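Architecture and fold: a report
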Amino acid sequence: MAERALDKVLGFSFDHYYHKPHLSVVKGLQHLVNKLLDIKSRQQEDKTLRDELKLLKDRMQSPTVSSSEMKDYLVEIIYMTTRHYDVSFADIHAIKFTQQSAMKEKRIGYLAVSSLLSEDHHLLVLLINTLQKDLNSTNFVENCMALSTVAMLINGETMPAVTQIVEKKLSHTREAVRKRAIIALLKFHQLSAESTNLANQLQGVLFDSDFSVITAVITAYLYLAKEDPVPLKSLTDRFVSIQRQLLAHKPPSDLQYRGISMPWLQIKLLRLLAFLGMDDLGCSQKIYAVIQDSLTSVANPSCLIEYSIIYEVVQTAATIYPNMKLLEMAAERISKFLSSENNNLRYIGIKGLTSIVQVNPLFAIEHQMTVVDCLDDPDETLRRK
Amino acid sequence: MASRGEEIQQQILRETYHLVSKRDDNVCNFLEGGSLIGGGSGYKLIYRHYATLYFVFCVDSSESELGILDLIQVFVETLDKHFENVCELDLIFHIDKVQHILAEIVMGGMVLETNMTEVLTHLDAQAKLEKSEAGITAAPARAISAVKSMGPNVSIPHMPHFNFKGH
């Protein structure tokens, strides 16, 4: 239902009269875009953009530019990055602007920096002081902005300067800060596992009361499990218990999507459990029940997200120590995907069936014909599968 | 997504557009991308088509394809709620806000939040803080400009000392 409405509305524009008076538009940007909408030739468009860039460069370098003017220029620069012209002259201005104390301006500074810089940028070190200051600030929004930027731009050289401060954020009172700190620490681990201690850091937040924070924790554990599931097996019961809470709709109802409690978290948990139960009968026995219950919770799927949970269950069942009853249920459910009219479901169905078949080829025989039909389908992605 | 040079980024974009815009509406929304993106590196393009716009996410194998399809829907619904009937021009004129919203959902290439209500709540909290900050710092400035606008020769009247004891 929401998809229909958006479909109609999103294509609506391109009349110049943009009438949303409650949203203030940067004048320079509006002026530029209105010009561009009238232009018919590539050369003219190129010239207009280059002229605008020259203008921006001069204005930004002027010693008398005010902070609200600079803010507007940076918004235009952010737009310019989507047109792929060289805007490196703005890098230093963006970095400086993150030092603004007004939150509205600081936010634009950080956004510009995210668009302009990358982790190998030569001016990255100039950001460190500001990042440290904002990470230590008592203003949680500044903490969040800094954490997001750190996750995006951190490199080996700059990481040590912020690791300890970020770790402290794990115990911040605001869940918005805690969950970002976890993701930032995961990025640090991905950069350099030896100089970080992710598993230890996560122990402290594994029992967090906020489910969004738990999602970040599970994201991190999933990454660790892919590297090496063995040290995490002792936590299996905790992961199972979280999934049980989701199946019992424990989280607040506004965390539901199409009636399912935190489906993306369920997907991550199922994948995590798959790594833990792989080739391990003891561990698998602990999780068979919750996997089966996850499957029965989406008995009559009517929307995509429910199908995605069924698919995850199937993959998990096929990955862990084989349990015939569970595999039979899984095979039966995934085969329904193949007869769908929705090509996405057929694609996912084939993926799921492939996994089950690798455990036991007998499951495939019933569905041979449907799979063969997919080979003739005009959809290239489906054919390849 | 790993960071790439400008030129390669442009090529990737062109290739993506080329691949995605050719697709019919009833085929898979997943593409095991072209030479620069997929083909061995394990990346996939997952996209949704809304009127004249394509929203394309490039993901690695650790993401659920169907899950990402719904995540795109959450992103677009959030944009719609925030902009009140979002349209293409919103995405251009308010590119900073769009990136800000995306930054609430994806952080450093990892999915941070999947719930629209959580995202909108956090955006509101930030907006309120920004407004109150502007209110506090703007008040003295407003007062001064109000006095100045009264004219150059206005003298501020002498205010009587308020004596509590008298009342």
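Residues numbered from 1 in each chain as written. Chains lettered and ligands numbered in written order. Predicted model: local features only at pLDDT ≥ 70, side-chain atom pairs only at ≥ 80, totals over all residues. Heavy atoms only, no water.

**Let's talk about the side chain of lysine 169 of chain A**
On the secondary structure map, lysine 169 of chain A appears in the loop between helix H9 (159-168) and helix H10 (175-191). In this structure lysine 169 of chain A is buried but unpaired, with glutamate 142 of chain A as the nearest side chain of opposite charge at 9.6 Å. (Helix = DSSP H or I, 4+ residues; strand = E, 2+ residues; numbered from the N terminus. Buried < 20%, exposed > 50% of the residue type's maximum accessible area, 1.4 Å probe, protein only. Lys, Arg positive; Asp, Glu negative; His and termini not counted. Salt bridge = Lys/Arg side-chain N within 4 Å of Asp/Glu carboxyl O.)

**Let's talk about the environment of lysine 81 of chain B**
All names here are of chain B. In this fold, lysine 81 is placed in helix H2 (residues 65-83). Its relative accessible area of 54% is what places lysine 81 among the exposed residues. With 36 residues separating them along the chain, lysine 81 and threonine 117 place their C-alpha atoms 9.9 Å apart.

**Re the nonpolar core**
With 165 residues, the main nonpolar core has Met60, Val166, Ile182, Tyr221 and Phe239 of chain A together with Phe55 and Leu79 of chain B as its most contacted residues. Per element, the largest residue contribution to this core is eleven residues, and it comes from helix H12 (residues 211-227) of chain A. (Core = buried A, V, L, I, M, F, W, Y, C linked by side-chain atoms within 4.5 Å.)

**Describing the pattern of salt bridges**
Residue and element names in this part refer to chain A. As enumerated under the stated definition, the model contains 18 salt bridges over all chains in all. Measuring nitrogen to oxygen at the nearest pair gives 3.0 Å for the salt bridge that ties arginine 271 to glutamate 312. Taken together, the residues arginine 271 in helix H14 (residues 263-277) and glutamate 312 in helix H16 (residues 304-319) connect sequence positions 41 residues apart. Taken as a pair, arginine 271 and glutamate 312 share a single burial class, namely buried. Ionic contacts of the salt-bridge type, sharing partners, join the residues Arg42, Glu45 and Arg83 into one network.

**Structural notes on the sheet that holds strand S3 (residues 53-59) of chain B**
Residue and element names in this part refer to chain B. Judged by pairing direction, the sheet is antiparallel, and its three strands sit side by side in the order S1-S2-S3 without closing on themselves. For this open sheet the edge positions go to strand S1 (30-31) and S3, each flanked by a neighbour on one side alone. For strand S2 (residues 44-50) and S3, the ladder comprises seven bridges, and the chain directions are antiparallel. Bridge assignment links leucine 45 to a residue of S3, and that residue is cysteine 58. Most of the contacts of H2 go to S2, to which it runs at about 40°, and overall it touches S1, S2 and S3. (Pairing = 2+ DSSP bridges. Contact = heavy atoms within 4.5 Å. Axes fitted to C-alpha atoms, helices over the stretch in contact; angles between N-to-C directions.)

**Re the interface of chain B and chain A**
Taken residue by residue, the interface counts 69 residues in chain B and 79 residues in chain A. Sorting the residues of chain B by area buried against chain A places Leu66, Phe93 and Met107 of chain B first, and these three jointly supply 11% of that buried surface. Summed over the shared surface of chain B and chain A, the number is five salt bridges. As a salt-bridge pair, glutamate 130 of chain B and arginine 107 of chain A come within 2.9 Å of each other at their nearest N and O atoms. Our count for the chain B to chain A interface comes out at 15 residue pairs in polar contact (both at pLDDT 80 or more). Examining the composition of the side of chain B that touches chain A, we find that twelve residues originate from one element, H2 of chain B, more than from any other. Partitioned by chemical class, the residues of the side of chain B that touches chain A number 27 nonpolar, 22 polar and 20 charged. (Buried area = accessible area lost by both parts, 1.4 Å probe. Polar contact = N/O pair within 3.5 Å; in protein donor to acceptor, adjacent residues only side chain to side chain. Nonpolar A, V, L, I, M, F, W, Y, C, P; charged D, E, K, R; others polar.)

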